[in-house]
Amino acid sequence: MPNYAIHLRTESSTAAARADLARRISAVHARATAAPPSFVQVIVHPIVGEHFIAGEPVDPRAVFVHGHIRAGRTAEAKHELIVGLRDAVVAALGVPDDLVWVYVSEIPAEQMVEFGRVLPAPGQEAEWQAALPDDVRDRLARLDAGIS
Amino acid sequence: MPNYAIHLRTESSTAAARADLARRISAVHARATAAPPSFVQVIVHPIVGEHFIAGEPVDPRAVFVHGHIRAGRTAEAKHELIVGLRDAVVAALGVPDDLVWVYVSEIPAEQMVEFGRVLPAPGQEAEWQAALPDDVRDRLARLDAGIS
Amino acid sequence: MPNYAIHLRTESSTAAARADLARRISAVHARATAAPPSFVQVIVHPIVGEHFIAGEPVDPRAVFVHGHIRAGRTAEAKHELIVGLRDAVVAALGVPDDLVWVYVSEIPAEQMVEFGRVLPAPGQEAEWQAALPDDVRDRLARLDAGIS
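All values derive from a computational prediction rather than experimental measurement. (Residues numbered from 1 in each chain as written. Chains lettered and ligands numbered in written order. Predicted model: local features only at pLDDT ≥ 70, side-chain atom pairs only at ≥ 80, totals over all residues. Heavy atoms only, no water.)

**Section: helix 1 (residues 15-33) of chain C**
Residue and element names in this part refer to chain C.
Then comes step 1: Taking 1.5 Å per residue as the helical rise, helix 1 with its 19 residues ought to reach 27 Å, and the 27 Å between its terminal C-alpha atoms agrees with that figure.
Then comes step 2: For helix 1, the full list of buried residues reads Ala 17, Arg 18, Ala 19, Leu 21, Ala 22, Ile 25, Ser 26, Val 28, His 29, Ala 30, Ala 32 and Thr 33.
Then comes step 3: Just downstream of helix 1 lies Ala 34, where phi reads positive at about 65°. (Helix = DSSP H or I, 4+ residues; strand = E, 2+ residues; numbered from the N terminus. Expected span 1.5 Å × (residues − 1). Buried < 20%, exposed > 50% of the residue type's maximum accessible area, 1.4 Å probe, protein only.)

Given below as structure tokens:
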């Protein structure tokens, strides 16, 4: 139940590599947090304006991932998550790791709506999914089966 | 005194529908928090890159709203807010509710500048507005009158 | 070790003015927090969709800066930072201050990766830099020398 914004110059990667990145991010999130991959949203935001570090233009291969996850994960889970996100970028896009930035912000579950429903606290996903309309639950189940 | 980022594929809605959405969001925020609508900023961010859930492309009608509000609202106000934001998207854009995601993040008032001024704590808006330059205060008053 | 997102309509400023803004933001952040300017990332996000306050279109010169910094700064440092960011926008872009919005969100250092490495707590930057690979450390040193 996170959203990951990927900021990068799209001319430095292929659409296929970015789709691979999205799948890897879904898998990393699911592994670190034990949440189903069907909850992982990824939006690619092409950088089209200027991009600076210390006021100087940045290498066009640089990637900035900003995730927003439900609050309440353990420090270990969050560490596994940010390191795994960095490794996913390196593996999917072939970027040197020193060009990768990853931030993870937390939001209380009760301030998040996904699939039109206010989110459950971490650990109560099963009850939440059981209460979804049949068609939405089936859609999520198909997504989870596709990732596995 | 919030900012709402609306992420969507603009080809799935009209500019008029998005303007309607902005008005509805201003009204929902004002109703849930008792803050004046003139404080509500909405920026439409067209999704032009890839958009995935569970690593699979998402329905192009999907909408992700990410609000940043002043910290300190009650749980009831925040609940009314996120549910109202979801309903505003459904009403303005005609999107099925299971394609709507809404996140609300909080920021302490003293870490926010609007109209060039550091924000007051919730409840002290009137004093803050009274201290604005005349032309800015008049501009906000006209905006509030337009919304009503 | 922050990221600053600058949201504006690029037709209202020149690329040179935005580069000046990025340098000013790096300097403001370094002065307010005592962190090296080489840690300051700025991404310009052109506003290409609609932009509203109170449901009405906004002056096209309006600028919204959203920073994400490491948690743990003093109230004084954060105040100097947001006021300095506002002043940087006014000075670099020639925008009236009442068209400037600035938000600063905080993230715990251990939820941030920059240059491929999980960040240190504020105050432990020197040890962190010392542990970087030689080429990355040299790159940052050159950036810091360029800013002064």
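**What about the relation of the copies chain C and chain A?**
Then comes step 1: Between the two copies, chain C and chain A, the superposition gives an RMSD of 0.0 Å; the rotation angle is 120° and the shift along the axis is 0.0 Å. A rotation of that kind, with that shift, is consistent with a three-fold axis. (Least-squares fit on C-alpha atoms with pLDDT ≥ 70 in both.)

**Some details on the sheet that holds strand 7 (residues 112-114) of chain C**
Then comes step 1: Taken in spatial order, the eight strands line up as 4(B)-3(B)-2(A)-1(A)-5(A)-6(A)-7(C)-8(C) in an open sheet, and their pairing is mixed. A single partner strand is all that each edge strand has here, and the edge strands are strand 4 (56-57) of chain B together with strand 8 (117-118) of chain C.
Then comes step 2: Summarising the sheet, strand 5 (residues 63-70) of chain A and strand 6 (residues 100-107) of chain A pair through eight bridges and their orientation is parallel. Across the sheet, Arg 70 of chain A pairs through a bridge with Ile 107 of chain A, a residue of strand 6 of chain A.
Then comes step 3: Relative to strand 1 (residues 3-8) of chain A, helix 1 (residues 15-33) of chain A is tilted by about 145°, and along the sheet it contacts strand 1, strand 2 (41-46) and strand 5 of chain A together with strand 3 (51-53) of chain B.
Then comes step 4: Against the sheet, helix 2 (residues 75-93) of chain A engages strand 1, strand 5 and strand 6 of chain A together with strand 7 and strand 8 of chain C, with an angle of about 140° to strand 6 of chain A. (Pairing = 2+ DSSP bridges. Contact = heavy atoms within 4.5 Å. Axes fitted to C-alpha atoms, helices over the stretch in contact; angles between N-to-C directions.)

**With respect to the UniProt feature "domain: Tautomerase cis-CaaD-like" (unreviewed entry) in chain A**
Then comes step 1: In the UniProt entry, the feature "domain: Tautomerase cis-CaaD-like" (unreviewed entry) is given for residues 1-129 of chain A.
Then comes step 2: Taken as a whole, residues 1-129 of chain A contains 33% helix and 29% strand, while its terminal C-alpha atoms sit 12 Å from one another. (UniProt positions renumbered as here; feature names shortened; annotations may be inferred.)

**Here we look at the interface of chain C and chain A**
Then comes step 1: In this complex, chain C contributes 34 residues to the contact, which on the side of chain A involves 28 residues.
Then comes step 2: Summing both partners gives a buried area of about 2,600 Å² for chain C against chain A, and 59% of it is carried by carbon and sulfur.
Then comes step 3: The largest share of the area that chain C buries against chain A comes from Gln 41, Gln 111 and Val 113 of chain C, three residues that together contribute 25% of it.
Then comes step 4: At the junction of chain C and chain A, the tally comes to three salt bridges.
Then comes step 5: Among the salt bridges present, the one from Arg 117 of chain C reaches Asp 97 of chain A, with a minimum N-O distance of 3.4 Å.
Then comes step 6: In this assembly, chain C and chain A are joined by 17 residue pairs in polar contact (both at pLDDT 80 or more).
Then comes step 7: Elements supplying a minimum of two residues to the side of chain C that touches chain A: helix 1, strand 2 (41-46), strand 7, strand 8 and helix 4 (134-147) of chain C.
Then comes step 8: Looking at the side of chain C that touches chain A residue by residue, the classes come out as 20 nonpolar, eight polar and six charged.
Then comes step 9: Relative to strand 2 of chain C, strand 3 (residues 51-53) of chain A runs antiparallel, the two sharing three bridges. (Buried area = accessible area lost by both parts, 1.4 Å probe. Salt bridge = Lys/Arg side-chain N within 4 Å of Asp/Glu carboxyl O. Polar contact = N/O pair within 3.5 Å; in protein donor to acceptor, adjacent residues only side chain to side chain. Nonpolar A, V, L, I, M, F, W, Y, C, P; charged D, E, K, R; others polar.)

**Considering helix 2 (residues 75-93) of chain C**
Then comes step 1: Compared with an ideal rise of 1.5 Å per residue, which puts 19 residues at 27 Å, helix 2 of chain C spans 27 Å between its outermost C-alpha atoms and is within 8% of the ideal.
Then comes step 2: Restricting attention to buried positions, one finds in helix 2 of chain C the residues Ala 77, Lys 78, Leu 81, Ile 82, Val 83, Gly 84, Leu 85, Arg 86, Ala 88, Val 89, Ala 92 and Leu 93 of chain C.
Then comes step 3: Check the buried side of helix 2 of chain C and you find it contacts strand 7 (112-114) and strand 8 (117-118) of chain B together with strand 1 (3-8), helix 1, strand 5 (63-70) and strand 6 (100-107) of chain C.
Then comes step 4: Looking at the residues trailing helix 2 of chain C, positive phi occurs at Gly 94 of chain C, about 70°.

**Quick look at the pattern of salt bridges**
Residue and element names in this part refer to chain C.
Then comes step 1: Under the criterion given, the structure shown has 30 salt bridges over all chains.
Then comes step 2: Residue Asp 134 is joined to Arg 137 by a salt bridge in which the shortest nitrogen-to-oxygen separation is 2.7 Å. Note that Asp 134 and Arg 137 are positioned in helix 4 at a spacing of three residues, about one turn of the helix.

**Thoughts on the packing of helix 1 of chain A against helix 2 of chain A**
All names here are of chain A.
Then comes step 1: Running from N to C, helix 1 and helix 2 cross one another at 160°; their axes reach a closest spacing of 9 Å. If you check the angle between helix 1 and helix 2, you find them roughly antiparallel. Between helix 1 and helix 2 the crossing geometry is right-handed. For the pair helix 1 and helix 2, contact is made by Ala 17, Arg 18, Asp 20, Leu 21, Arg 24, Ile 25, Val 28, His 29, Arg 31 and Ala 32 and by Ala 77, Glu 80, Leu 81, Gly 84, Leu 85, Ala 88, Val 89, Ala 91, Ala 92 and Leu 93, respectively.
Then comes step 2: Of the residues in the contact of helix 1 with helix 2, the class split is 13 nonpolar, two polar and five charged. (Parallel < 35°, antiparallel > 145°, perpendicular 65-115°, else oblique. Left-handed = near helix turned anticlockwise from the far one by under 90°.)

**Things to note about unusual backbone geometry**
Then comes step 1: In this structure, Ala 34 of chain B is a non-glycine residue whose phi angle is positive, near 65°.
Then comes step 2: Looking at the element boundaries, Ala 34 of chain B is found in the loop between helix 1 (15-33) and strand 2 (41-46).

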